[in-house]
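Survey of secondary and tertiary structure
Chain by chain, the residues run as shown.
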Amino acid sequence: MRTRILRAAALGLGTLLSMNAARAACTLPEPPPATARPTKPPLPVKPACLDAKGGCPGWEAYSYNDAIKAYNEQAAAFRPLAEAYVKALNAYVKASSDYAQCEVKTLQ
């Protein structure tokens, strides 16, 4: 009788250890840090005179045009940063799915 109890305990312990080993194999996904999220550059403020019938004085139109050019340069620099962040987010989504599937397998 004592031998049966010891075998059952050993079997239970073995099952528990194998479940913990399988559980340990599941790697928790880590999201990309929020600090890695790039900030989109703000659009320049459109002068009210652009919509007016007479238009803008030359200096104001040129200033707005320069602001648009600067914005386009900032947007060009922003794009690869945003794409890299989206790539990191997609990797996180995939890692989350892999983790969930691993957890499901440990329950089977």
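In the block above lies the structure referred to throughout.
My aim in this report is to walk through the structure given alongside it, one point at a time. All of these numbers come straight from a predicted model, not from anything done at the bench.

Some remarks on the pattern of salt bridges
- One pass over the full model with this rule turns up two salt bridges.
- Residue K46 is joined to D51 by a salt bridge in which the shortest nitrogen-to-oxygen separation is 3.3 Å.
- Under the relative-accessibility criterion, D51 is labelled exposed at 60%.
- A salt bridge links K94 to D98, with the nearest nitrogen and oxygen atoms 2.8 Å apart. Of the two residues, K94 and D98 both sit in helix 2 (residues 58-107), four residues apart, roughly one turn of that helix.

Section: helix 2
- Between its first and last C-alpha, helix 2 extends 72 Å over 50 residues, near the 74 Å set by a 1.5 Å rise per residue.
- The principal kink in helix 2, of about 25°, is found at F78, preceding the proline P80 by one to four residues.

Things to note about the environment of P41
- Note on placement: P41 falls in the loop between helix 1 (2-25) and helix 2.
- Each C-alpha atom of the pair P41 and A77 lies 9.6 Å from the other, and the pair is 36 residues apart in sequence.
- Contact partners of P41, with chain neighbours within four places excluded, come to Y71, Q74, A75 and F78.

A look at the environment of T27
- One can find T27 in the loop between helix 1 and helix 2.
- Judged by its relative accessible area of 60%, T27 is exposed.
- Along the backbone, T27 and A95 are 68 residues apart, and their C-alpha atoms lie at a distance of 8.4 Å.

Describing the side chain of T106
- Mapped onto the secondary structure, T106 falls in helix 2.
- Of the residues examined, T106 reaches a relative accessible area of 12% and is grouped as buried.
- A polar contact of 2.6 Å, which involves the side chain of T106, links it to the backbone oxygen of E103.

The rules we used
- Residues numbered from 1 in each chain as written.
- Predicted model: local features only at pLDDT ≥ 70, side-chain atom pairs only at ≥ 80, totals over all residues.
- Heavy atoms only, no water.
- Salt bridge = Lys/Arg side-chain N within 4 Å of Asp/Glu carboxyl O.
- Buried < 20%, exposed > 50% of the residue type's maximum accessible area, 1.4 Å probe, protein only.
- Helix = DSSP H or I, 4+ residues; strand = E, 2+ residues; numbered from the N terminus.
- Expected span 1.5 Å × (residues − 1).
- Bend = angle between axes of the 7 residues up to and from the residue.
- Contact = heavy atoms within 4.5 Å.
- Polar contact = N/O pair within 3.5 Å; in protein donor to acceptor, adjacent residues only side chain to side chain.

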